[in-house]
Amino acid sequence: MRIKEVTLRHMQMRLKFPFTTSFGTLQNRDFILLEAKDENGRSGWGESVAFHSPWYSEETMKTNWHILEDFLIPTLLDQEIKHPDEVSELFSNIRKNNMAKSTLEGAVWDLYCQEQGISLAAALGGQKSKIEVGISIGIQDTVSDLLRLIEGHVEEGYKRMKVKIKPGWDVDVMREVRKEFPDVPLMADANSAYTLKDIDTLKALDEFELMMIEQPLASDDIIDHARLQKEIATPVCLDESIHSYEDARKAIELGSCRIINIKIGRVGGLSESKRIHDLCQSHEIPVWCGGMLESGIGRAHNVALTTLSNFTLPGDTAASSRYWETDIIKPEVTVKDGYISVPEKPGIGYEPDLEAIDRFTMEKKTFS
Ligand code: OSB
Ligand code: MG
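Reading the values: the criteria
Residues numbered from 1 in each chain as written. Chains lettered and ligands numbered in written order. Predicted model: local features only at pLDDT ≥ 70, side-chain atom pairs only at ≥ 80, totals over all residues. Heavy atoms only, no water. Helix = DSSP H or I, 4+ residues; strand = E, 2+ residues; numbered from the N terminus. Rg over C-alpha atoms; globule rule 2.2 N^0.38 Å. Buried < 20%, exposed > 50% of the residue type's maximum accessible area, 1.4 Å probe, protein only. Contact = heavy atoms within 4.5 Å. Lys, Arg positive; Asp, Glu negative; His and termini not counted. Charge placed at Lys NZ, Arg CZ, Asp CG, Glu CD. Donors = N, O, S within 2.8 Å, 3.2 Å for Na, K, Ca; no water. Pairing = 2+ DSSP bridges. Axes fitted to C-alpha atoms, helices over the stretch in contact; angles between N-to-C directions. Salt bridge = Lys/Arg side-chain N within 4 Å of Asp/Glu carboxyl O. Bend = angle between axes of the 7 residues up to and from the residue. Phe/Tyr/Trp six-rings, centres within 6.5 Å; stacked < 30°, edge-to-face > 60°. Lys NZ or Arg CZ within 6 Å of the ring centre and 35° of its normal.

## Some thoughts on the overall build of the protein chain
- A tally of regular secondary structure across the protein chain gives 13 helices and 15 strands.
- For a compact globule of 368 residues, the expected C-alpha radius of gyration is about 21 Å, and the protein chain comes in at 20 Å, within 12% of that figure.
- Burial statistics for the protein chain: of 368 residues in total, 59% are counted as buried.
- For the protein chain, the share of sequence-separated contacts (at least 6 apart) that also reach a separation of at least 24 residues comes to 72%.
- In the protein chain, the 43 positive side-chain charges and the 60 negative ones have mean positions that sit 1 Å from each other.

## Re the coordination of the magnesium ion (ligand 2)
- Binding of the magnesium ion (ligand 2) to the protein goes through Asp189 (OD), Glu214 (OE) and Asp239 (OD), at separations of 2.1 to 2.3 Å.
- Sequence spacing of the donor residues for the magnesium ion (ligand 2), all on one chain, is D-x24-E-x24-D. Of this pair, Asp189 sits in strand β7 (residues 186–189) while Glu214 sits in strand β8 (residues 213–214); the two residues are 25 residues apart in sequence, bridging distant segments of the chain.
- Classification of Glu214 by relative accessible area gives buried; the value is 0%.

## A word on the environment of Met362
- Along the polypeptide, Met362 turns up in strand β15 (residues 361–367).
- Sequence separation between Met362 and Tyr112 is 250 residues, and the spatial gap between their C-alpha atoms is 28 Å.
- Residues contacting Met362, with those up to four places away along its chain left out, are His10, Met11 and Gln12.

## Notes on the sheet that holds strand β1 (residues 3–21)
- Spatially, 4 strands are ordered β3-β2-β1-β15 in an open sheet, and the strand pairing comes out antiparallel. Only two strands of the sheet have a single partner each, and these edge strands are β3 (43–47) and β15. Geometrically, the sheet is characterised by an average inter-axis angle of 20° between neighbouring strands, direction not taken into account.
- Docked against the sheet, helix α1 (residues 61–76) engages β1, β2 (24–38) and β15, running at close to 160° with respect to β1.

## Examining the pattern of salt bridges
- Scanning the model with the defined rule gives 22 salt bridges in all.
- Note that Arg42 is salt-bridged to Glu115, the shortest N-O span being 3.8 Å. On the criterion of sequence distance, the pair formed by Arg42 in the loop between β2 and β3 and Glu115 in helix α3 (residues 98–116) is long-range, its members being 73 residues apart.
- In this structure Glu115 comes out as partly exposed when scored by relative accessible area, which is 28%.

## Focus: α1
- Largest kink in α1: about 50°, centred on Leu68.
- Listed in full, the buried residues belonging to α1 are Met61, Asn64, Trp65, Ile67, Leu68, Leu72, Ile73 and Leu76.
- Structurally, α1 contributes buried residues whose contacts are with β1, β2, α2 (85–90), α3 and β15.
- Of the residues one or two after α1, Asp78 is the one with positive phi, at around 70°.

## Comments concerning the packing of aromatic side chains
- The full count for this structure, using the stated rule, is 7 aromatic pairs.
- Summarising the aromatic geometry, the rings of Phe17 and Tyr323 are spaced 6.3 Å apart at their centres and angled 40° between planes, so their arrangement reads as tilted. With a gap of 306 residues between them, Phe17 in strand β1 and Tyr323 in helix α12 (residues 320–323) connect regions that are remote in the sequence. In terms of burial, Phe17 and Tyr323 fall into one category: buried.
- Between the aromatic rings of Phe51 and Trp55, the centroid separation amounts to 4.7 Å while the plane-to-plane angle is 35°, which identifies the pairing as tilted.
- The exposure class of Trp55 is partly exposed, given its relative accessible area of 21%.
- In textbook terms, an aromatic cluster arises when at least three aromatic residues are bridged by ring pairs, as seen for Phe17, Phe19, Tyr323 and Trp324.
- Over the face of the ring belonging to Trp288 we find Arg160, whose NZ or CZ atom lies 4.9 Å from the ring centre.
- One residue, Arg359, lies across the ring of Phe360, its end atom 5.6 Å from the ring centre.

This is the structure in structure tokens:
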């Protein structure tokens, strides 16, 4: 296959609810949508998970646009590509910028699968026909707001509740949650809000038998996490700290975590996600698929990845309708009894809704 044309769109979609983490609040979701056309005029789609501002990582929508426009798209245009695994090779002399790389790589995977007439899940080696999903709940104004939200999501069937925590919104909050929901599979995500000085607080969370605590310490750390994991009973899960197979290998070797959250964008694409998945599997480290408040395009990629066999814990990829009044794929991603049925159609398995896409497009540019 050869990529003949790439279109970048600056998208803006409004979340149904403000999403608050230890960093701040987000409601307008700006992101890049990428459409790549092959020599037969077929289109493959990818989504950049970078945010408008660099609070989760250093990448932003604008840095992704720059790296795509000036480096990644020129590298790929007109290149003969036999398999999507070659894309990360072609990008290997461009450092980091994983979310930018993943955007284009994801579109190549979609195109490749359409050409082969197979689903993305099948192409990745996935075997599940349905995947288990949990939900990630932002920091709320009051504990009773949080309890009411959890109650609703439990009723909807979500398989585990993830609660965002930060200093001052942690032990007492989790105690209330556990009191009201003694058996619900529960975890906490700190988005790097603590240091080893907070070890007593982090130890106090052991009491609630959480499935895991996600990224308690610095976003670039694996050393202190290893120290922490020795001190607490709750399994540590790394999110922000893992950008590659090599990061995962080192974290496992050091004992920095017992679980890894794989986000396709954070690790530079589906090929690297699969390598990390396989590595974790060989070390009996379970993985799950993280979320980045994606539109339907990114959501579809997450669904396909989650079909791999070591994704044994529920992911954050909830239903489209949880986030959006109107998503940009047809059909939307739906959740029934806590499961998403994996589409079997070729490619990502959902149709991009071009009308909706146009409606949310702020700016677009085509390269050929
Ligand atoms: O840390 O997992 C995270 C959202 C944005 C950035 C980082 C994170 C999250 C979530 C929400 O937890 C996941 C989702 O529902 O898409
Ligand atoms: Mg996280």
